[in-house]
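So the chains spell out like this:
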Amino acid sequence: MKRETISMALNGLEDTFISEAAEFRPEAIQETPERTERMKTKRIISIALAAALILALGVTAYAIAGMLRSTARHNMPETGEFTSLSELKTVERTVGYPLTVPESFSNGYAFSRLRVDGTADYDENGEILREYYCVNVNYTDSNAAEILLDLSPVKEGSVIQGDDIRQIDGVDVSFQLDTYKYVPENYEKTEADIAAEEGGHFFITYGPEEITESKVASVSFDLDGVRYTLIDLTANGNSLETLGQMAGELIAASHG
Amino acid sequence: MTDAEIINLFFERSEQAITELARKHGNAVARVARNILGNEQDTEECVNDTYLGTWKAIPPNRPSPLRTFVCKIARNLATMKYHANAAEKRNSHYDVALDELEDCFSDGNSVEDEFNAKELSEAINSFLATLNYTDRFIFTRRYWYSDPLQDIAKMANTTTNSVTVRLYRIREKLRYYLVKEGLLV
């Protein structure tokens with residue numbers, strides 16, 4: 001391989017890796033199965049919105065928790081982006097599981113684009129535990145507000161968990177509202193930060209120069225062996241209700 | 001001065017922006033350039049070109065973190081200069097780091113010469129996401145920041161030997177990962 005090729009490839013390292021290596025801060029990174037889920041979702045979000053968010057869905061429990069080290073994008077055939085749903089049947093054949101992806105919701109959110117990505121779970125030794133396709137769908141409303149829908153096959157032993165689980169049409173739906181605090185790399189956690197982290201809905205992300213906070217709402221549920229997660233990255237007071245209504249429409253559509 | 005205030009100066013087209021950028025992030029930029037180019041004259045040119053590149057890029061960009069943004073510009077410029085002067089004898093940290101990766105990707109087996117850098121870049125990013133934080137830190141410091149082993153060991157509170165061994169294992173894992181992904185033969 002040419003040295004120029006290696007050199008150019010290294011220039012394309014993700015900002016996240018470059019930023020986190022600016023200073024050695026192992027205490028800022030906790031390697032847990034839940035974090036691997038967050039990393040995966042973060043990658044999805046980064047691709048979709050180029051947003052430097054770490055999203056914790058916190059709804060997944062793993063029977064294989066001791067084995068799973070990480071989740072990452074993985075080269076697989078027939079991945080790519082679609083700007084209409086005309087090829088949805090083809091996508092279903094590719095990913096190997098049924099997809100309930102409506103053109104629009106009654107609250108005005110309409111399909112914008114869909115992306116199919118190859119994904120793999122790795123163990124401690126870098127061996128692939130399983131490979132599968134993830135589907136990420138973007139919906140936008142007339143104000144350009146965006147809601148993401150992430151679909152992936154339910155992992156063995158994984159069940160919907162959370163401290164706010166509601167039944168919709170007989171399906172367990174986990175509602176979650178999290179706060180993300182973005183802080184400079186040299187930020188020292190306060191006692192209030194540590195206490196908030198223990199609550200499980202507060203996360204600190206290092207990198208930006210100024211301290212800001214944002215709220216992320218998400219709802220998750222399983223249908224026909226597929227995990228659906230609706231995400232609002234700019235949550236407000238009504239976000240959970242909005243996502244819950246959209247979840248209800250997805251559940252009804254899958255039953256219909 | 002905060003990064004946001006420096007960026008505001010760029011938006012106002014105030015030359016003070018360069019002064020403040022240099023004051024706050026100049027050392028980090030120079031380190032990236034020096035590690036690749038290996039001499040002070042080229043480093044100084046590269047740093048100045050980085051400030052010019054930043055001036056052109058902001059606005060419209062409003063990068064966060066700013067340091068990563070300017071270091072990336074510096075790295076791109078430094079590697080262009082490095083390869084443009086490939087015939088020139090160099091002795092930079094980058095030479096040694098590139099040698100290590102070149103060995104890892106070749107290692108006696110045939111490899112496609114027309115390898116797509118973008119594809120390789122995506123694969124390396126995916127691979128890094130599978131590593132624990134410390135390994136990712138060591139890899140990035142060595143092969144993106146082009147730091148010498150001793151400096152990385154000091155930063156990671158470990159020994160040079162430990163960093164050397166970990167890097168070797170990471171390169172082996174990377175090679176195995178690329179083979180599995182069908183990007184190396």
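Here is a short report on the structure shown in this document. (Residues numbered from 1 in each chain as written. Chains lettered and ligands numbered in written order. Predicted model: local features only at pLDDT ≥ 70, side-chain atom pairs only at ≥ 80, totals over all residues.)

Points about the overall build of chain B
Thought 1: Each helix and strand in chain B was counted, giving nine helices and zero strands.
Thought 2: Reading chain B from its N terminus to its C terminus gives the helix and strand order α-α-α-α-α-α-α-α-α.
Thought 3: Per-residue burial for chain B yields a buried fraction of 41% across its 185 residues.
Thought 4: Pairs at least 24 residues apart make up 65% of the contacts formed inside chain B by residues separated by at least 6 positions. (Helix = DSSP H or I, 4+ residues; strand = E, 2+ residues; numbered from the N terminus. Buried ≥ 20, exposed ≤ 12 C-beta atoms within 10 Å, placed from the backbone. Contact = placed C-beta atoms within 7 Å.)

Description of helix α9 (residues 160-180) of chain B
Residues and elements named next belong to chain B.
Thought 1: For α9, which comprises 21 residues, the first-to-last C-alpha distance of 30 Å matches the rise-based estimate of 30 Å (1.5 Å per residue) to within 8%.
Thought 2: Where α9 is buried, its residues meet α5 (93-106), α6 (117-130), α7 (133-143) and α8 (149-155).
Thought 3: Among the residues trailing α9, G182 stands out with phi positive, at a value near 75 degrees. (Expected span 1.5 Å × (residues − 1).)

Let's talk about the packing of helix α2 (residues 16-37) of chain B against helix α4 (residues 66-84) of chain B
Residue and element names in this part refer to chain B.
Thought 1: Remark: α2 packs on α4, axes separated minimally by 9 Å, with the N-to-C direction vectors making an angle of 30 degrees. As judged from the angle between their axes, α2 and α4 are roughly parallel. Where α2 crosses over α4, the two elements pack in a sense that is right-handed. Of α4, the residues touching α2 (which contributes L21, H25, A28, V29, V32, A33, I36 and L37) are L66, R67, V70, C71, A74, R75, A78, T79, K81 and Y82.
Thought 2: Within the contact of α2 with α4, the residues separate by chemical class into 13 nonpolar, two polar and three charged. (Axes fitted to C-alpha atoms, helices over the stretch in contact; angles between N-to-C directions. Parallel < 35°, antiparallel > 145°, perpendicular 65-115°, else oblique. Left-handed = near helix turned anticlockwise from the far one by under 90°. Nonpolar A, V, L, I, M, F, W, Y, C, P; charged D, E, K, R; others polar.)

Focus: the interface of chain B and chain A
Thought 1: Taken residue by residue, the interface counts 49 residues in chain B and 38 residues in chain A.
Thought 2: Contributions of two or more residues to the side of chain B that touches chain A are made by α1 (3-11), α4, α5, α6, α7 and α9 of chain B.
Thought 3: In the side of chain B that touches chain A, the residues fall into 23 nonpolar, 15 polar and eleven charged.

As for the nonpolar core
Residues and elements named next belong to chain B.
Thought 1: Judged by nonpolar contacts, the single largest core of 59 residues is most densely connected at V32, A33, V70, A74 and A78.
Thought 2: Broken down by element, this core gets its largest block of residues, nine residues, from α4.
Thought 3: Taken domain by domain, the makeup of this core includes at least three residues from each of domain 1 (3-84) and domain 2 (93-180).
Thought 4: For A74, the contacting residues outside a window of four places in its chain are V29, V32, A33, C46, V47 and T50. (Core = buried A, V, L, I, M, F, W, Y, C linked by C-beta atoms within 7 Å. Domains from an automatic or database assignment.)

A few points about unusual backbone geometry
Thought 1: In this structure, the amide linkage connecting B:I58 to the following residue, B:P59, adopts the cis form with an omega of -10 degrees.
Thought 2: Inspection of the secondary structure assignment puts B:P59 in the loop between α3 (40-57) and α4.
Thought 3: Cis geometry marks the peptide bond from B:S64 to B:P65, where omega comes out at 0 degrees.
Thought 4: One non-glycine residue, A:D224, lies in the positive phi region at around 50 degrees.
Thought 5: In this fold, A:D224 is placed in the loop between β9 (212-223) and β10 (226-232).
Thought 6: Look at A:D224 and you get exposed, because 12 C-beta atoms sit within 10 Å.
Thought 7: We note that B:S146 has phi near 60 degrees; this positive angle belongs to a residue other than glycine.
Thought 8: Assignment of secondary structure puts B:S146 in the loop between α7 and α8.
Thought 9: You can call B:S146 buried: it has 26 C-beta atoms within 10 Å.

As far as function goes, none of this settles anything; it's purely spatial.
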